[in-house]
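# Residue-level structure breakdown
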Amino acid sequence: MQSQTIDPAKTALNHHHDATVEGHHEAHPDHRIFGLIMFLVAEGMIFMGLFGAYIAFRATLPAWPPEGTPELELLLPGINTINLISSSFVIHRADTAIKKNDVRGAQFWFGLTALMGIIFLAGQVYEYTHLEFGLTTNLFASAFYVLTGFHGLHVTIGVLAILAVLWRSRTKGHYSSEHHFGIEAAEIYWHFVDVIWIILFGLLYLL
């Protein structure tokens, strides 16, 4: 049986390679959250443009909403607003749970958040079907549908993202206190959706 000879030069080269790889990873930190924030800033600018257009319409027209436009009901949108704002606190519980390695807890709070998001969307659809004006009735009606519809699209994307995180969490060890980007990213996106709705609700329903 032949003995295996260890080449000191080769061993040193391997150690140098491992150190180089480790240093390479350290030199390139995770920028995914930063990328998400930049994306939300861009989305926020789109919403701000829509809000600015709405404010300009309101300021320049002699009557707003135009005469003959039925008044918006506040009860259902108000309940929807409370539901959506509350969901931000709920989804934060999921983030708190995963940082304690409580995967089941994170799954529960994420599932509850998704349910609250679906309830919000169902309420919005119900409101649409009972409004007494359509998309082309007047400028206010068009602005209303564009703003609420665009926000509803973002809520839908948020619900799908939450459900995707729930699906991936079925894999043992996929999320933990050290690896939870998906949960954190979904939470940040959901907070963004909530803040946009608060502004939108104030513009359309309260002012």
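Just so you know, the residues in each chain are numbered from 1, in the order the chain's sequence is written. The predicted origin of the model limits local features to residues at a pLDDT of at least 70 and limits the giving and counting of side-chain atom pairs to 80 or more, whereas totals for whole chains, interfaces and linings rest on all residues. Here the side-chain values reflect all heavy atoms present in the structure, with hydrogen atoms and water set aside.

As annotated in an unreviewed UniProt entry, the protein carries the name Oxidase aa(3) subunit 3 and is attributed to Aetokthonos hydrillicola Thurmond2011. As its UniProt record puts it under Sequence similarities (unreviewed entry), the protein is described as follows: "Belongs to the cytochrome c oxidase subunit 3 family." UniProt positions are given in the numbering used here, feature names are shortened, and annotations may be inferred rather than shown by experiment.

### Regarding the packing of helix α2 (residues 32–60) against helix α6 (residues 181–206)
A packed helix pair is summarised by two numbers, namely the angle formed by the two axes and the spacing between the axes. Every axis corresponds to a line fitted to the C-alpha atoms, with the helix fit spanning only the stretch in contact, and the corresponding angles, defined between N-to-C directions, vary from 0 to 180 degrees. Under the scheme used here, helices are H or I runs from DSSP no shorter than 4 residues and strands are E runs no shorter than 2 residues, and both carry numbers assigned from the N terminus. Where α2 contacts α6, the two axes come as close as 11 Å, and the packing angle between them is 10°. The pairing of α2 with α6 is recorded here as roughly parallel in orientation. Listed contacts from α6 to R32, I33, L36, F39, L40, E43, G44, F47, M48, F51, Y54 and I55 of α2 are F181, E184, A185, I188, Y189, F192, I196, I199, L200, L203 and L204. Every angle not falling under 35 degrees, over 145, or within 65 to 115 is termed oblique; those three ranges are roughly parallel, roughly antiparallel and roughly perpendicular. The contact rule is simple, with two residues in contact once any of their heavy atoms fall within 4.5 Å.

### Considerations on empty space enclosed by the protein
Here a cavity denotes a set of grid points, spaced 1 Å apart and computed over the protein atoms alone, in which a 1.4 Å probe fits but from which it cannot get out, and a pocket denotes an open set meeting protein on both sides within 12 Å along at least five of seven lines; residues with an atom within 4 Å of a point are reported as lining. Grid points are joined across faces, edges and corners, and a volume is the space filled by probe spheres set on the points. Taken as a whole and judged by the stated rule, the model has one cavity of 30 Å³ or more. Along the walls of the largest cavity sit I98, V103, A106, Q107, F110, V165, L166, S169, Y175 and I183, which together make up its complete lining. Those elements that place two or more of their residues in the lining of the largest cavity are α4 (103–130) and α5 (139–168). Take the lining of the largest cavity: its biggest share by element is four residues, from α4. Class assignment of the residues belonging to the lining of the largest cavity gives a composition of eight nonpolar, two polar and no charged. Here the nonpolar group is Ala, Val, Leu, Ile, Met, Phe, Trp, Tyr, Cys and Pro; Asp, Glu, Lys and Arg are the charged ones; every other residue, Gly included, is treated as polar.

### Observations regarding the nonpolar core
Core analysis: the largest hydrophobic core is formed by 47 residues, its most contacted members being Y54, F110, F133 and F144. The greatest single-element share of this core, amounting to 14 residues, is contributed by α6. The contact partners of Y54, leaving out residues within four places of it in the chain, are W64, F140, A143, L147, L203 and L204. The definition of a nonpolar core used throughout is a set of buried Ala, Val, Leu, Ile, Met, Phe, Trp, Tyr and Cys residues joined through side-chain atoms within 4.5 Å. Three exposure classes are used, based on accessible area relative to the maximum for each residue type with a 1.4 Å probe and protein chains only: buried under 20%, partly exposed in between, and exposed over 50%.

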